[in-house]
Structures are given as C-alpha cells and as structure tokens.
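Each chain, written out:
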Amino acid sequence: MAQLRVLAVDDELPALEDLSYLLRADPRIGEVASARDGAAALRLLDRAIADGRPIDAVFLDIRMRGLDGVVLGRLLSQFANPPRVVFVTAYEEHAVDAFEIKAEDYLLKPVRPERLAEAIRRVAVSADVPVEGGETDTIPVELGGVTRFVSSADVIYVEAHGDYARLHTATGSHLVRIPLATLEERWASAGFVRVHRSHLVAVKHIEELHIDSGKCTVRVGDTELPVSRRHTRELRDLLVRRARKARSAP
C-alpha cells in the first residue's frame, strides 16, 4: 500500500502535537514529520529531497513567527515537484491566498477529524495514491444465515444508506452496517474515490465521464451515477492522469 509522507508545521506546540497525532491515526499516512517554524520546515523538506524521500504534503499553519504560512506556501509552489499544501488555521481571511497558491484544502481550527480525513483524501487523489491493484479488504456480509466475505476488489461502487452502505458487485448487492465515510477512508488505497455524498466508486470500473450543462455523471457498467460539483474537477483530473499513464505504458 502506497502511503503518504507528510509534514506538519505549527509554531504552537500543543496544536502541532494534536495535528501530528490526528495525521498518524490515518492509515493513508506512513510518515509524519513536524516543524515549529517555516525555516525548520524548509530544512526538513530539503533533507527529504536529498534523501530521495520527498514529502508528499505539508499541513501548514498560517500565522507563525518569522516565515509565515502564506509566504512558505508560495515558496513551496516554486519547487520543481512541489508538495501538496493544506492550510490549517484559526483564521478564515486567508482563503484567497490559499486559492492563489493552489492549496489542496483549507482547514479551520479546531480541526475536526472528518474534515482532516477529507483533506487527506484530496491529497491522496492529487498524489495518485489510490491506485488500481492496491491493497484489498474484505467485508463480512450475512446471506441467509451464512456469513460470506466480499472483497473490495469485487465492488464496483458503494451507495450510502444512513449508517449503512450497500456494496454493489457484478453479481448483486449487499447491505452492511458501515458508514460510507468509513469505507472511503478504508478503501482509498484500493482505488475508490468519493464522487457524491451518497456514492463511492472504484476508479477501475469507471467507463465514461459525462458533463452536460454543468451536470456531471459517471457510468459504471450499466449504472449511471451523479457526480457532485465539488468532486467533478478532481475526478476529471484523476481520470486524465490515469489515461495518460495508460498511454505511456510500454
């Protein structure tokens, strides 16, 4: 399973420790480095590049002593292969700066675990961490009093049903008591992406992306699913990268 290497930067030690703890708890993240200021962050990033293990994403506070987060974010954007930037701040007024720097996300303190999970998902998609043929998972389902196991590799898409989720495969569907958000995190490395608040889709099963009059849908098998506006661009970019990679493969 490909995992992210990330750097947390905050000049307030309690906030830095809390953020680092939350990052380490996410299965998509393999390494978490930390820095108390922008200068130390740059040294860590340079060392990681020199060691051949570049940082994938920087979770960055904005208001810091010395080199602040906005200036550091602009510096990072000039790297030959810039890390993804996620701003983590108590202030809303820097959202325009984040947009200009093309930050992956903008989180407000105190950071909620579910929002951090969404930011990590965006970074993972941007970094192309969810790949086909990634780590598989199995879910136990009850069928007529018999427990069977459904592999994530056999699931085409998942549909939300409150605190439950319906797993759709080529041979049928199964209702399991697992929230969609949990499966989204759990199956990110297996190539699943969120396309709508109610749907999670295996990228390898997407046969067509259709955009008409601002509305976007994807076709998986015989099923057409809506794609919400917030997910349209990142899904399109992911599919374009996937197509380019397929064309360049020997």
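Residues numbered from 1 in each chain as written. Predicted model: local features only at pLDDT ≥ 70, side-chain atom pairs only at ≥ 80, totals over all residues. Heavy atoms only, no water.

In the annotation of an unreviewed UniProt entry, the protein is listed under the name LytR/AlgR family response regulator transcription factor and assigned to Nonomuraea helvata.

(A) Just the environment of Ala-90, in detail. Following the sequence through the fold, Ala-90 ends up in the loop between strand S4 (84–89) and helix H4 (95–101). The class of Ala-90 is partly exposed, set by a relative accessible area of 49%. Placed 17 residues apart in sequence, Ala-90 and Leu-107 show a C-alpha to C-alpha distance of 8.3 Å. Among residues more than four places away in sequence, those in contact with Ala-90 are Leu-108 and Lys-109. (Helix = DSSP H or I, 4+ residues; strand = E, 2+ residues; numbered from the N terminus. Buried < 20%, exposed > 50% of the residue type's maximum accessible area, 1.4 Å probe, protein only. Contact = heavy atoms within 4.5 Å.)

(B) Representation of the packing of helix H2 (residues 38–50) against helix H3 (residues 69–76) in the model. At a closest axis distance of 10 Å, the pairing of H2 and H3 adopts a crossing angle of 25 degrees. Regarding the angle of H2 to H3, the classification is roughly parallel. The chirality of how H2 crosses H3 is right-handed. Residue-level contacts link Gly-38, Ala-41, Leu-42 and Leu-45 of H2 to Leu-72, Leu-75 and Leu-76 of H3. A class-by-class count of the residues in the contact of H2 with H3 yields 6 nonpolar, 1 polar and no charged. (Axes fitted to C-alpha atoms, helices over the stretch in contact; angles between N-to-C directions. Parallel < 35°, antiparallel > 145°, perpendicular 65-115°, else oblique. Left-handed = near helix turned anticlockwise from the far one by under 90°. Nonpolar A, V, L, I, M, F, W, Y, C, P; charged D, E, K, R; others polar.)

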